Amino acid sequence: MSYLYIKNANELLTIKGFSNSPATKKQMNSLSVIQNGAILIKDDEILAVDETTKLEEAYAAEIAKAKVIDAKGKVVAPGLVDPHTHLVFAGSRENEYNMRLQGASYMKIMEEGGGIHATTRATRKASFEVMYKQSLRRLNQFVEHGVTTVEAKSGYGMDWDVEKRQLEVAHQLNQDHPLDIVHTFMGAHVIPQEYKEKPDEFVDLVCHEMIPKVADSGLAEFNDVFCERGVYTPEQSRKILEAGKAHGLLPKIHADEIEPYEGAELAAEVGAVSADHLLRVSDRGLDMMAEKGVVAVLLPGTAFFLMTDAADGRKAIDAGVPVALSTDCNPGSSPSVSMPFMINLASLKMGMTPAESITAATINAAHAIKRGDKVGSLESGKKADVVIWDIPNYMQFTYHYGVNHTETVVKNGKVIFSKSGHNE
Ligand code: NIG
Ligand code: FE
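No experiment lies behind these values; they were computed from the predicted model shown.

A.B. asks: Is there a simple way to explain the sheet that holds strand E7 (residues 147-153) in this structure?
C.D. replies: Within a beta sheet, neighbouring strands are joined by backbone hydrogen bonds and run either parallel or antiparallel to one another. Within the open sheet, the eight strands sit side by side as E6-E7-E8-E9-E10-E11-E12-E13. Their pairing is parallel. Across the chains shown, the open sheet's two edge strands, defined by having one partner strand only, are strand E6 (80-82) and strand E13 (323-325). Each neighbouring strand pair of the sheet contributes to a mean axis angle of 25°, computed without reference to strand direction. The pairing of E7 with strand E8 (residues 180-188) spans five bridges and is parallel. Bridge pairing links Glu-151 to Val-182 in E8. Docked against the sheet, helix H6 (residues 128-144) engages E6, E7 and E8, running at close to 145° with respect to E7.

Spelled out as structure tokens, the structure:
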């Protein structure tokens, strides 16, 4: 049995009360802050959270045995959750970035055989070891930015052997690395070039061959599709998501990113756990998502990197949709591992308050991957995933924009990263 005690936090953000369902509307603006807060951890679980003086009275015996971290002058918060990443891939696409800076469009590059197709070619050629090494590096960078749980999608194989290899790399990383990885199959990321003239054959292959194999192997929990004009139509997307559901895979969807395409409406109709992107979502789509409790995973880094207007986070929150944030970490539209930057962008570009942005990156992000009961808030009984930010109050998190304030990261009760040497 081991105890870890973090005390004297200038502010301790509990974000409590939303383990069963995500925060919506005004709830997103309340972080349930404890001034001069403390948290006591037993093994990998949170034992108690309270004001430092109260906790010291109530748990004197346990605290006497604990390793102690003094968070004086700092903020203690739940570990950040990234609910949408394309963690495992090979290669990079800075050449396309340069083309886009000179006016080329993301979709045009893809239509001409670049974009997702380029990463697919690189990933198909890459061995397990090469993919593992590149993804491990990204995973470590996530930790440095205060992230303790990430979702990871396949989708750069679009051929069973390679999709399987991507998912296996993510599983191996989940075993070897302290971070928790949640697995998503995304065989329908684009129409692979070899199926350009016969897209419905590929849809059938995904539905009738790949999805059953994913389900049998237990390699994924979620099933995702890129529903967009020129990629998968809403009807094809519906087939893919329904096929996944029939095999126990929970639906997620890349929706309404480039133009309105009724992706949000489809998400609500199929009972998706989340609909992601939503830069061009319709009002009806938002209302339907609110009604069904579909989490909106907004990806401000993607809008920033594609140099377009971000999703309207304010509108989504006011419509009653639970909003989450993510990096969308991928080689084409958002090669970033920085959830802190996404929180900055949400405040500065999406009309969200600092408190709403933090809620979106913690408890609501956890709900976007069905982990709201385990992570995303600091409450007794939950996983001991905690970050210490080197700022005196949470407002400074987005005020000092573009800065990584992460000082210490605790995962499952263990210090796994520290700028000031707590883990030495
Ligand atoms: O979420 N929109 C589709 N898929 C990814 C981009 C993948 C890529 O460009 O490699 C996204 O933005
Ligand atoms: Fe994505």
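A.B. asks: So what exactly am I meant to see when it comes to helix H10 (residues 263-270) here?
C.D. replies: Think of an α-helix as turning once every 3.6 residues; residues three or four places apart then point the same way. With seven of eight residues buried, H10 lies mostly within the body of the structure. Buried residues of H10: Gly-263, Ala-264, Glu-265, Leu-266, Ala-267, Ala-268 and Val-270, and no others. Taken from the residues just after H10, Gly-271 is the one with a positive phi, measuring 70°.

A.B. asks: Would you explain the environment of Gln-141 in this entry?
C.D. replies: In this structure, Gln-141 sits in helix H6. By relative accessible area, Gln-141 is classed as partly exposed at 26%. Expressed as a C-alpha distance, the spacing of Gln-141 and Met-107, which sit 34 residues apart in the sequence, is 28 Å.

A.B. asks: It is not clear to me how the coordination of the iron ion (ligand 2) should be interpreted in this structure. Could you clarify?
C.D. replies: Metal coordination angles in their ideal form are 109.5 degrees for the four-donor tetrahedron and 90 or 180 degrees for the six-donor octahedron. Within the protein, the atoms that donate to the iron ion (ligand 2) are His-84 (NE2), His-86 (NE2), His-254 (NE2) and Asp-328 (OD), at distances of 2.1 to 2.3 Å. Within one chain, the residues serving as donors to the iron ion (ligand 2) are arranged as H-x1-H-x167-H-x73-D. With a gap of 242 residues between them, His-86 in the loop between E6 and helix H3 (94-101) and Asp-328 in the loop between E13 and helix H14 (339-349) connect regions that are remote in the sequence. Across the pair, Asp-328 and His-86 agree in class, each one buried.

A.B. asks: Is there a simple way to explain the site of ligand 1 in this structure?
C.D. replies: What surrounds ligand 1 is a group of 15 residues, the closest being Arg-93, Tyr-106, Tyr-156, Asp-328 and Ser-333. Separating an oxygen atom of ligand 1 from a side-chain N or O atom of His-86 is a distance of 3.4 Å. Expressed as a share of its isolated accessible area of 330 Å², the protein-covered part of ligand 1 is 100%. Of the residues that constitute the shell around ligand 1, the class distribution is four nonpolar, eight polar and three charged.

A.B. asks: Would you mind going over the packing of aromatic side chains with me for this structure?
C.D. replies: What describes a pair of aromatic rings is the distance from one ring centre to the other and the angle between the planes of the rings. Under the counting rule described, the total for this entry stands at six aromatic pairs. A ring pair is formed by Phe-304 and Phe-341, whose centres lie 5.2 Å apart and whose planes are at 80°; its orientation type is edge-to-face. Of this pair, Phe-304 sits in helix H12 (residues 300-305) while Phe-341 sits in helix H14, placing them 37 residues apart in sequence. Judged by relative accessible area, which is 23%, Phe-341 ranks as partly exposed. Plain terms: the ring middles of Trp-389 and Phe-397 are 4.1 Å apart, the flat faces sit at 40° to each other, and that makes the pair tilted. With respect to class, Trp-389 is no different from Phe-397; both count as buried. One cation-aromatic arrangement involves Lys-198 over Tyr-195; the distance from NZ or CZ to the ring centre is 5.3 Å. The ring of Phe-222 carries Lys-252 above its face, with NZ or CZ at 5.2 Å from the centroid.

Conventions and cut-offs
- Residues numbered from 1 in each chain as written.
- Chains lettered and ligands numbered in written order.
- Predicted model: local features only at pLDDT ≥ 70, side-chain atom pairs only at ≥ 80, totals over all residues.
- Heavy atoms only, no water.
- Pairing = 2+ DSSP bridges.
- Helix = DSSP H or I, 4+ residues; strand = E, 2+ residues; numbered from the N terminus.
- Axes fitted to C-alpha atoms, helices over the stretch in contact; angles between N-to-C directions.
- Contact = heavy atoms within 4.5 Å.
- Buried < 20%, exposed > 50% of the residue type's maximum accessible area, 1.4 Å probe, protein only.
- Donors = N, O, S within 2.8 Å, 3.2 Å for Na, K, Ca; no water.
- Near = heavy atom within 4 Å.
- Polar contact = N/O pair within 3.5 Å; in protein donor to acceptor, adjacent residues only side chain to side chain.
- Areas by Shrake-Rupley, 256 points an atom, 1.4 Å probe, with all protein chains shown as cover.
- Nonpolar A, V, L, I, M, F, W, Y, C, P; charged D, E, K, R; others polar.
- Phe/Tyr/Trp six-rings, centres within 6.5 Å; stacked < 30°, edge-to-face > 60°.
- Lys NZ or Arg CZ within 6 Å of the ring centre and 35° of its normal.

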